[in-house]
Structures are given as structure tokens and as C-alpha cells.
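What the coordinates show
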Amino acid sequence: MKLVIALLTFVVLSGCASAPQQPIQLQSNVFAPSSTRIGIAMTELPKQSVQLPGADCLLCILAATAANSGLSTHIQTLSYENLSDLKKDIAGSLSKHGVEVLVIDENLNLDKLKSISSKEPGTASKDFTIYKTQYNIDKLLVIDIAHLGMIRTYASYFPTSDPKATINGAGFLVNLSSNSYEWYLPINITKSADVSWDEPPKYPGLTNAYYQVIELSKDSFSQPFANLTTNAAATFDSSAAQVK
Amino acid sequence: MYPAPNAAGLIAALITHGLINETAKKNQKENLERMSLEALRPYASILNDYHHRELMQTALNNSLIPGEKTLIDHTESPVADFVITSLPKFFFTQDQSTIILDNIISVSRQGIEKPVFQNTIRVISNASTEKDFVTYWSQNNGTKLKEVSSNIFAQSLELAALQLNNAFPQEAAEKTIRYMQGNMQKMERGTLLYQGCKRMIVKTLRGSLMSIPVKLDNVNNESSKCSPALLGSVLVLQ
């Protein structure tokens, strides 16, 4: 009987666990042919917060939250530093080389999309195909910031690290015909304060680190397109020459 | 989550974690110090013979601060209305292309106990493009090393004087500024006080000043581009 329960638990837990999406490098041919229309969107930027992994019990969470309340209050006064302009910046990079882009103004809500469970590697876990007709696009590039703020590890009630600035999320390009990823870039950037972190009420060291992780994330998301467009331009030019 | 059977076990696990962390940090620090000393070894004989008086006198002689300037030892009585006290720390970047100065400067006035000015000023030299840094810095008894260090020291005094004279704009917006430190790009959140063709002056979130080499993209993106030379303006300590 114990063996049956153990086996059942194993089966249930292994079904719940799904492998995280691995990075997929951007290839130069994803924007070919030149008639491909790319939509670029972002999800809503999250409210800045302090993550406290390890403070697992209810009282632990309350104690840790109280202990970091000054920092939490402060980071909510900080700006997003034009993070939402990322889609326009990437669109600009692509447009310069003749890629037809549509910047989607409204924020995507990924939670509202239908979930898909597929064993095919590289298949998106949400159904993005609805956007094909909604925006008349062939592919959708999404920048999704899941968390922006600070992180401080805990062991129950006790902090085990200094707070650090952090940003995490993912950028991905979905082919709206096959619902498969053609580019996937997870980011998880953390930066400590220089010198000292505990300088309330303005925490200049952590504030400096916060703005640096934002800049580093912009670089991470933009770089593949800045590097790619030179190759893509050659692909378009040669395909255009062949059409002529 | 620490695997602990009870509260006492958790505390023991935490103490152990803390000790392991502290030991690891101490080992890392010692390792870095060892690497730093090793990197400075080729310059040891030059640095041992290069005293603060020579550095500071050369800097004062070349400084743009007008008026008579006398270098005195900290034990001597002041001979002027204003006394500038300086506590400089010099660093090499890991690639040895750049010297960085952190200078804690305070300015006192005769008869007033509290300093009229106190700040930390960081000056980052332009990165050298030489291939052999040891030869570059140490040839001719360290001429280049002494020249660059006294130049950036002079610049730190000039920046202190400019700030004391409220020469910088008061209401500049805060932004994240990219700059070069050695051959690495760095970033700093602060207020851009001055944008030159090759150099920028930034006030950090802590209120300290930084004089940093321009990252080329910054020059193209800034509307003001190269501002008129700020350091050539007349400085009068009032």
C-alpha cells in the first residue's frame, strides 16, 4: 500500500513538473521572406517588489516583509526608466533593414491566453495564434518582464544575504502559424549595491544597482537584433535580387 | 529552506551557513589582495620612492585653480584663509590600462570649525591603448604613472573648487550614465553636471562627484555634445 501511494505521488509530481523552456538563438532567416510581418509587444511591467525566497512560513513572510518595508516602500518610488520603449527600440532596429514591423501598443496579458501542453520541444505553452488574425501579423515578438525590484534570501526568519537589485523575464519570438518559438531568451540579472546597501531612506547603493539591472536587461533584449540585422539585411538583399 | 528538525537545529544550520559564508568571503578577499599585490609588484620600486609631497606639489603647480597655493604638512599651521585637506586613494584597473583616484577632500576656512566643503571625488583616467602596460607606466622612472596620477589629482581639486563655487547646474535631471573604466563599460545613476567631448562630470546618488571618460555613444546621443570648457573658467574661493 505504501508503495502504491509512493508511486502515485511520484506520477502526480512528475506530471506537475515541466521542463523550463531552453534558450533558442535567433537565426538570421527568421525574418525572411521580406513580406513577413512581425508584431512587437510587451506584457505589463510588474510593480517593483522585494522577493524574499526562503521566508516560507506565514509568520516568516510577515517578519521578513516588515524588516524590509523601508526598502520596499522606496523601490516603488523608482521609475521604470523607459523600459517600455524596448519594443520601439527593437522595432527601429528591424525597420532599418526592411523588416515590416507593427508595434502593438496595448500590453499583452499572457494569463488570459489558452494554455497548450505539447511534447514538441520549442512549442509555446500558450496559444498565441489568435494574434495572427487580430493584428494581421505572421510572427509575434514579446518582451515579458516577470519581476523587477530586489531579492533577499531568507532561512525562515533570518536573512541569509544582503538585498540585491534584480530583473527577470524572457524575450521570445513566436511563429503564429506553428505556435513555436523561433527565439527564446530568458534573463535573470542580479546586482549588489556597491560599498554598502543599508542606507535608508533612499538606499543609494541599491538604487544605483536597480537602474543598472534595467539597463543591462535592455542590452540583453536588444543585442540579438542589433547583431542580427546585418546578416538579415544580406539575406533580404539576396532574396530580393533573386525575385527581380 | 534549511533542513532542520527543530528551532535549535535551524539556528545551528544558520550559524554554520554564516561561518561558511564568512570564511568563503575572507578567502576571496585574501585572494584578491594577493592578486592585486602581484599586479603592483613591477611598480613597487617606483611607488616606494614616489611620495605624496611630490605628487601634490606637481598637481598644485599644474592646477587651474587661480591664486597662490602652498603645500603644507598636516602638522603645520595654515598659512592662508582656506585650507584644503586631501586623503587620496589610487587604484589600477585589473587590466592596468587605467588609474582611478578616490580623493576625500575637505575645505576649511580660518576661524570656522566646521569645513565649508566636504566630498569624495573620483577621477578615472583615460584608458591607455599601449600593449605593454608595465613598460608604459614604469619607463623613465615611472614618468607616465606620475604624470597621470598628478593630473587626475589636480582635476579632483579643481572639481572640488567648482562645486564649492556652485559652478555646476543645480537642477539637472537624474539618469543612468554609461562610461568607460579601462576597457570595460560601467554604469552609474546620477546627475550629469557637465558633458565634454572626452569627459563627463557626474554627481552620484550619494552626492559624490565623478570625472569619467565619455563612452562614444554618449557623445552622439547627448544634445549638448561638447560643452564649453568648464575647467578654464575663473575660480574664486569666496
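Anything mentioned here points back to the structure above.
In this report, the structure presented in the accompanying data block is examined. The structure presented is a predicted model; accordingly, all values stated were derived computationally and were not measured.

1. Focus: the nonpolar core
Of all hydrophobic cores here, the largest spans 44 residues; its most connected members are Phe31 and Leu141 of chain A. Only strand E1 (37–42), helix H2 (58–67), helix H3 (69–75), helix H4 (86–95), strand E4 (139–151), strand E7 (164–175), strand E8 (180–191) and helix H6 (204–243) of chain A provide two or more residues apiece to this core. With eight residues, H6 of chain A is the single largest residue contributor to this core. In contact with Leu141 of chain A, not counting residues within four places along its chain, are Ile38, Gly39, Ile40, Ala41, Ile90, Phe172, Leu173, Trp183 and Phe225 of chain A. Grouped together as the second largest cluster of nonpolar side chains are 34 residues, Met56, Phe117, Leu145 and Leu193 of chain B included.

2. Some thoughts on the packing of helix H3 (residues 52–62) of chain B against helix H4 (residues 133–164) of chain B
Residues and elements named next belong to chain B. For the pair H3 and H4, the least separation of the axes is 8 Å and the interaxial angle reads 60°. Between H3 and H4, the angle falls in the class oblique. Crossing geometry of H3 relative to H4 is assigned as right-handed. Contact with H3, carried on its side by Glu54, Leu55, Met56, Thr58, Ala59, Leu60 and Asn62, involves Lys146, Ser149, Ser150, Asn151, Phe153, Ala154, Leu157 and Glu158 of H4 and no other residues of that element. Partitioning the contact of H3 with H4 into residue classes produces seven nonpolar, five polar and three charged.

3. A few points about the interface of chain B and chain A
The interface is formed by 16 residues belonging to chain B together with 20 residues belonging to chain A. Roughly 1500 Å² is buried in total at the junction of chain B and chain A, and carbon and sulfur atoms are behind 55% of that figure. Connecting chain B to chain A are five salt bridges. The salt bridge partner of Arg206 of chain B is Asp194 of chain A, with a shortest N-O separation of 3.3 Å. Looking at the side of chain B that touches chain A residue by residue, the class counts come to six nonpolar, four polar and six charged.

4. Considering the state of the cysteines
Residues and elements named next belong to chain A. Counting across every chain of the model gives one disulfide over all chains. Between the sulfur atoms of Cys57 and its disulfide partner Cys60 the distance amounts to 1.8 Å. Its S-S torsion of approximately 90° makes the covalent link between Cys57 and Cys60 right-handed. Judged by relative accessible area, which is 30%, Cys57 ranks as partly exposed.

5. Structural notes on the sheet that holds strand E6 (residues 199–204) of chain B
Residues and elements named next belong to chain B. An order of E1-E2-E3-E7-E6-E5-E4 is seen for the seven strands of this open sheet, with the pairing classed as mixed. A strand with exactly one partner marks an edge of an open sheet, and here the two such strands are strand E1 (82–92) and strand E4 (174–181). Put simply, the sheet's adjacent strands are angled 35° from each other on average, direction ignored. The pairing of strand E5 (residues 184–195) with E6 spans five bridges and is antiparallel. Bridge pairing in E6 places Thr191 opposite Lys203.

6. Describing the pattern of salt bridges
Across all of its chains, the model carries 14 salt bridges over all chains by this definition. For the salt bridge of Glu215 of chain A with Arg178 of chain B, the shortest nitrogen-to-oxygen distance reads 2.9 Å. Taken together, the positions of Glu215 of chain A in helix H6 and Arg178 of chain B in strand E4 put the pair across two chains. For the residue pair Glu215 of chain A and Arg178 of chain B, the accessibility class agrees, reading buried in each case. One connected set of salt bridges, linked through shared partners, spans Glu215, Lys218 and Asp219 of chain A together with Arg178 of chain B.

The rules behind the values
- Residues numbered from 1 in each chain as written.
- Chains lettered and ligands numbered in written order.
- Predicted model: local features only at pLDDT ≥ 70, side-chain atom pairs only at ≥ 80, totals over all residues.
- Heavy atoms only, no water.
- Core = buried A, V, L, I, M, F, W, Y, C linked by side-chain atoms within 4.5 Å.
- Buried < 20%, exposed > 50% of the residue type's maximum accessible area, 1.4 Å probe, protein only.
- Helix = DSSP H or I, 4+ residues; strand = E, 2+ residues; numbered from the N terminus.
- Contact = heavy atoms within 4.5 Å.
- Axes fitted to C-alpha atoms, helices over the stretch in contact; angles between N-to-C directions.
- Parallel < 35°, antiparallel > 145°, perpendicular 65-115°, else oblique.
- Left-handed = near helix turned anticlockwise from the far one by under 90°.
- Nonpolar A, V, L, I, M, F, W, Y, C, P; charged D, E, K, R; others polar.
- Buried area = accessible area lost by both parts, 1.4 Å probe.
- Salt bridge = Lys/Arg side-chain N within 4 Å of Asp/Glu carboxyl O.
- Disulfide = S-S within 2.5 Å.
- Pairing = 2+ DSSP bridges.

So yeah, pure geometry; function would need other evidence.
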